[in-house]
Amino acid sequence: MISSVEEPPFTTGLTWYAGTLPDHISPSAAKTYLGCSLKFYFERVACIRKKTPSALHLGKAVHAALQAFHLARWRGTDDSAETIAAAYEKAFSDLERDEGPVNFKNDGHREEVRLDGLRVVAAYLDSPEAMKDKPRAVEVLLKEDIAGLSVPLTGAMDLVEGNYVPVDFKSAAAKPDKAHAAFDHEIQLVSYQLLMEAATGESPPSLDLVFLVKTKKPQVIRVSSPPADAHRKRRVTALLETAVEGIASNRFHPQPGMHCSWCQFRNECMAWLPGQLLPERKTA
Ligand code: SF4
């Protein structure tokens, strides 16, 4: 059957929170939207709360510890391993209190996750990747108008090295394939370049990811990509704008794939039908 204009196949009706154009777009929002627009809707429009996955909780605590280290390097204050470990412990507890609950299986599992994070932080501080010089900037929040984008682009860079290289840190369970990792994070990396060029007029010599791998013996692996040329910038800008247009048009629908294996919204997704409304905010 051909759908009528009044009832197009991909108009969900699940949109009473999201009637307006987003006032900005970030690479993470665009990536989530382009990966599965219905998951984006559940997470960021309906704001259905779920327990924080333990791996995400660990990643956030490790991120806070690295931020403390880089800020100490920037300020010239105490960046000892003990101080940074204390920053990790504090973040691990504070995040659980403020953003939890976390889906730990039990107390033993919580302890395992906590120790995994401590080992990863120690491995970074011991590695050649640990910042030796003063960074140019730490936790940089930028919002810039970009040609081809109908709303401003926003982004938060973990670290900008002295030569304008933006660095993003990723916690990972397994060693990344370098080519795949750069491709997978293309929207984020190129967005950072667009933001930096718009904000400073400087072009970064490379776009870097540093993976903190939670193997038994943690590994720290840097993946450097060349800066984007005009083609890559146009491609990423078009992807970002596709997300903006989709969100503004309330296009939210299931996009099943391998990513469904780790999606927390499978029950809501199975219940989805065009025109169906969701329950109000809830915690699962
Ligand atoms: S289960 Fe799959 S299709 Fe459904 S919302 Fe999650 S990612 Fe999207």
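Just above, that's the structure.
Residues numbered from 1 in each chain as written. Predicted model: local features only at pLDDT ≥ 70, side-chain atom pairs only at ≥ 80, totals over all residues. Heavy atoms only, no water.

S.K.: Would you mind showing me how to read the pairing of strand β5 (residues 219-225) here?
M.R.: Remember that side chains alternate between the two faces of the sheet whenever the strand is regular. Where strand β4 (residues 207-213) meets β5, seven bridges bridge the pair, whose relative direction is antiparallel. Looking across to β5, one finds that L209 is bridged to V223. The antiparallel pairing of β4 with β5 creates a hairpin that spans five residues between the two strands. (Pairing = 2+ DSSP bridges. Helix = DSSP H or I, 4+ residues; strand = E, 2+ residues; numbered from the N terminus.)

S.K.: Even after reading the chapter, I still don't get helix α7 (residues 186-200), so can you show me in this structure?
M.R.: Spacing of three or four residues puts side chains on the same side of an α-helix, whose turn is 3.6 residues. Here α7 spans 21 Å end to end across 15 residues, near enough to the 21 Å set by a 1.5 Å rise per residue. Of all 15 residues in α7, 12 are buried; the element is thus mostly enclosed. When we look at burial in α7, the residues that qualify are E186, I187, Q188, L189, V190, S191, Y192, Q193, L194, L195, M196 and E197. Phi turns positive one or two residues past the end of α7, at G201, with a value near 80°. (Expected span 1.5 Å × (residues − 1). Buried < 20%, exposed > 50% of the residue type's maximum accessible area, 1.4 Å probe, protein only.)

S.K.: Teacher, can you tell me more about helix α2 (residues 37-45) here?
M.R.: Taken together, the buried positions of α2 are occupied by S37, L38, F40, Y41, F42 and V45. In the core, the buried residues of α2 are packed alongside α1 (27-35), α8 (230-248) and α9 (266-271). (Contact = heavy atoms within 4.5 Å.)

S.K.: What am I meant to see in the site of the ligand here?
M.R.: Every residue near the ligand is listed here: C36, K39, P254, Q255, P256, H259, C260, C263, R266 and C269. The residue makeup of the shell around the ligand, split by class, is six nonpolar, two polar and two charged. (Near = heavy atom within 4 Å. Nonpolar A, V, L, I, M, F, W, Y, C, P; charged D, E, K, R; others polar.)

S.K.: Could you clarify how one ought to interpret the packing of α1 against α8 in this entry?
M.R.: What describes two packed helices is the angle between their axes and the distance between those same axes. It is the contact of α1 with α8, at a shortest axis distance of 9 Å, that shows an interaxial angle of 70°. Judged by the inter-axis angle, α1 sits roughly perpendicular to α8. Side by side, α1 and α8 meet where P27, A30, Y33 and L34 of the first sit next to L239, L240, T242, A243, G246 and I247 of the second. Residue composition of the contact of α1 with α8, by class: eight nonpolar, two polar and no charged. (Axes fitted to C-alpha atoms, helices over the stretch in contact; angles between N-to-C directions. Parallel < 35°, antiparallel > 145°, perpendicular 65-115°, else oblique.)

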